[in-house]
Amino acid sequence: MTHYTLTVPVKYDDNGTEKTTYRRVGAVFENTKRDTGETFLTVKLDFPVAVTELVAFQPSKGDVVD
């Protein structure tokens, strides 16, 4: 199973130089539906932020993103 580390960028000033670190907030897992073979993503958060899991699917042919 493919997985990715989910992070948020944290910017800070280090003696006048802006630097960025990345704080881990969870993991993203790539999954496949057994019956259709469709790929989808599951997002597992390390701590609750209103929800603890999000699922992302590939857009349908009729979906339009502006």
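Quantities reported herein were computed from a predicted structural model and do not represent experimental measurements.

**Remarks on the side chain of Thr 42**
Then, in step 1: Within the secondary structure, Thr 42 sits in strand 3 (residues 39-49).
Then, in step 2: The class of Thr 42 is buried, set by a relative accessible area of 8%.

**Structural notes on the environment of Val 25**
Then, in step 1: Along the chain, the position of Val 25 falls in strand 2 (residues 17-32).
Then, in step 2: Val 25 sits 20 residues away from Thr 5 along the chain, and the two C-alpha atoms are 8.0 Å apart.
Then, in step 3: Excluding residues that lie within four positions of it along the chain, Val 25 makes contacts with Leu 6, Thr 7, Val 8, Lys 44, Leu 45, Asp 46 and Phe 47.

**Considerations on unusual backbone geometry**
Then, in step 1: Despite not being glycine, Asn 15 shows a phi value in the positive range, around 55°.
Then, in step 2: With respect to the helices, strands and loops of the structure, Asn 15 is situated in the loop between strand 1 (3-14) and strand 2.

**Section: the pairing of strand 1**
Then, in step 1: Pairing between strand 1 and strand 2: 12 bridges, direction antiparallel. When the sheet's bridge partners are listed, His 3 is paired in strand 2 with Phe 29.
Then, in step 2: Turn length for the strand 1-strand 2 hairpin, with the two strands adjacent in sequence and antiparallel, is 2 residues, and the turn residue Asn 15 shows positive phi of about 55°.

**Quick notes on the pattern of salt bridges**
Then, in step 1: Throughout the structure, instances matching the rule amount to 4 salt bridges.
Then, in step 2: Between Glu 38 and Lys 33 there is a salt bridge, with the nearest N and O atoms lying 3.6 Å from each other.

Thresholds applied
- Throughout this description, residue numbers start from 1 for each chain and increase along the sequence as written.
- Only residues with pLDDT of 70 or above have their local features reported here, since the model is predicted, and side-chain atom pairs are shown and tallied only from 80 upward, although totals for entire chains, interfaces and linings are computed over all residues.
- As a rule here, side-chain values come from all non-hydrogen atoms in the structure, and water together with hydrogens is ignored.
- Strands here mean DSSP runs of E at least two residues long; helices mean DSSP runs of H or I at least four residues long; both are numbered from the N terminus.
- Each residue is placed in one exposure class: buried if its accessible area under a 1.4 Å probe, protein chains only, is under 20% of its type's maximum, exposed if it is over 50%, and partly exposed if it falls in between.
- Throughout, a residue-residue contact means that at least one pair of heavy atoms, one from each residue, lies within 4.5 Å.
- Here the rule is simple: two strands pair whenever DSSP picks up at least two bridges between them.
- One speaks of a salt bridge when a side-chain nitrogen belonging to Lys or Arg is within 4 Å of a carboxyl oxygen belonging to Asp or Glu.

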